[in-house]
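Tertiary structure, described
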Amino acid sequence: MITKHDFGALADGSRVHSYLLQHKSGISLRILELGGAIMELCVPDRNGRFTNVVASYDSLADYLLDTTYFGALIGRVANRIAKGKYEIDGREYSAFINNGPSSLHGGRIGFSHRLWTVEPRDGEDPALILTLHSPDGEEGYPGNLDVTVTYTLTADAVSIRYEAVTDQRTPVNLTNHAYFNLGGYASGSILGHTLRLDADRFLPTDADLIPTGELRAVEGTPFDFRTPKTIGRDFDLAYPELALAGGYDHCLCFTAGETETPVLRAEAFEPISGRVMQVLTNQPCVQLYAGNFLKDPAHPLSGGYPQTPQSAFCLETQKMPDALHHAHFDNILLSPGERYDYTTVYRFSVS
Ligand code: GLA
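Quick summary incoming for the structure in this document.

Near the ligand you find 15 residues, and of these Arg80, His105, His177, Asp249 and Glu316 are the closest. One nitrogen or oxygen atom from the side chain of histidine 177 is found 2.8 Å from an oxygen atom belonging to the ligand. Between an oxygen atom of the ligand and a side-chain N or O atom of aspartate 249, the distance comes to 2.4 Å. Protein chains bury 97% of the 300 Å² of accessible surface belonging to the ligand in isolation. Split by residue class, the shell around the ligand holds six nonpolar, six polar and three charged.

Have a look at this one:
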């Protein structure tokens with residue numbers, strides 16, 4: 001079942017809605033037209049109690065002012081572009097600088113802060129088809145880009161399919177920025193969650209969180225999640241890479257790289273609730289972000305719960321950040337005639 005709800009108005013008077021998808025299994029998903037953001041994802045614990053496991057805000061004003069990107073769709077280019085400058089076919093382009101010396105998550109008004117067109121598709125597995133037209137030159141990016149994101153709620157999972165086409169060669173790297181806490185979004189630290197990630201390399205960064213270009217083996221570092229361990233076990237801020245970023249905020253590269261169809265790449269487990277989240281994707285990488293910047297007292301979470309660092313984590317499936325500056329990184333350029341098409345599934349169970 002899908003229901004539509006009013007969530008306030010933009011400065012120009014246009015109304016913003018949220019859509020609540022409820023599956024007969026009991027799980028539910030709420031998506032906001034602004035940024036196509038996941039506002040609520042309610043899944044059961046081992047006693048059958050449903051809780052929202054993603055961070056969100058109560059008011060539209062917080063979504064408009066936020067720099068957390070709670071649950072939002074991110075584009076055209078997820079993560080940072082060093083100095084915002086890049087070249088395609090000998091031509092220089094500039095993306096808006098909004099994060100220290102870098103362009104972050106699409107620029108001044110990224111896809112996270114745009115109103116998407118939403119088409120509900122009710123049925124056994126309710127779905128929303130979100131579309132966005134990003135005109136040639138928007139945020140400095142070349143080419144008209146047409147993006148379609150399909151959220152489908154199945155009995156135990158949320159699937160997100162990202163598709164895009166362009167009429168000029170342009171960078172595209174899309175993701176979703178949901179912040180998870182499997183104990184419930186307001187249940188405190190995520191450092192006790194167990195995490196497994198099938199990633200054998202990670203990208204060290206400089207102090208501006210720009211990858212240095214090195215692909216380093218995770219072996220013997222805090223980034224080795226190939227065998228499950230708690231997120232907190234090696235969360236040692238004395239470790240140089242973690243010190244620079246204030247915690248985990250790094251791209252990890254899946255051992256098997258990009259695949260044809262989504263495969264299981266990550267699994268998180270919260271011992272008190274028993275909730276398990278599996279991440280399946282065909283993307284080559286994931287940004288593991290431990291919510292280190294969650295400390296803005298002006299924008300409390302839903303219910304007035306204060307922002308606290310490491311109270312939620314993100315597994316943002318994507319291609320490598322700042323790939324435009326490194327020939328040996330993933331190709332994030334989309335050409336006319338090609339179709340960008342990736343899917344990530346967040347699947348829930350209990351243990
Ligand atoms: C990404 C970045 C972080 C931070 C958040 C948004 O995950 O890697 O450094 O900017 O987005 O707050």
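With that settled, consider the pattern of salt bridges. If you walk through the whole model with that rule in mind, you get 18 salt bridges. Residue aspartate 89 is joined to arginine 169 by a salt bridge in which the shortest nitrogen-to-oxygen separation is 2.7 Å. Taken together, the residues aspartate 89 in the loop between strand E8 (85-88) and strand E9 (91-94) and arginine 169 in the loop between strand E14 (157-166) and strand E15 (170-171) connect sequence positions 80 residues apart. For the salt bridge of arginine 114 with glutamate 138, the shortest nitrogen-to-oxygen distance reads 2.4 Å.

Judged by pairing direction, the sheet is antiparallel, and its nine strands sit side by side in the order E11-E12-E13-E14-E27-E23-E22-E17-E20 without closing on themselves. Single-partner strands in this sheet number two, and they are strand E11 (117-121) and strand E20 (229-230). Here E11 pairs with strand E12 (residues 127-134) via five bridges, running antiparallel. The residue bridging arginine 121 from the neighbouring strand is alanine 127, located in E12.

Analysis parameters
- Residues numbered from 1 in each chain as written.
- Predicted model: local features only at pLDDT ≥ 70, side-chain atom pairs only at ≥ 80, totals over all residues.
- Heavy atoms only, no water.
- Near = heavy atom within 4 Å.
- Polar contact = N/O pair within 3.5 Å; in protein donor to acceptor, adjacent residues only side chain to side chain.
- Areas by Shrake-Rupley, 256 points an atom, 1.4 Å probe, with all protein chains shown as cover.
- Nonpolar A, V, L, I, M, F, W, Y, C, P; charged D, E, K, R; others polar.
- Salt bridge = Lys/Arg side-chain N within 4 Å of Asp/Glu carboxyl O.
- Helix = DSSP H or I, 4+ residues; strand = E, 2+ residues; numbered from the N terminus.
- Pairing = 2+ DSSP bridges.

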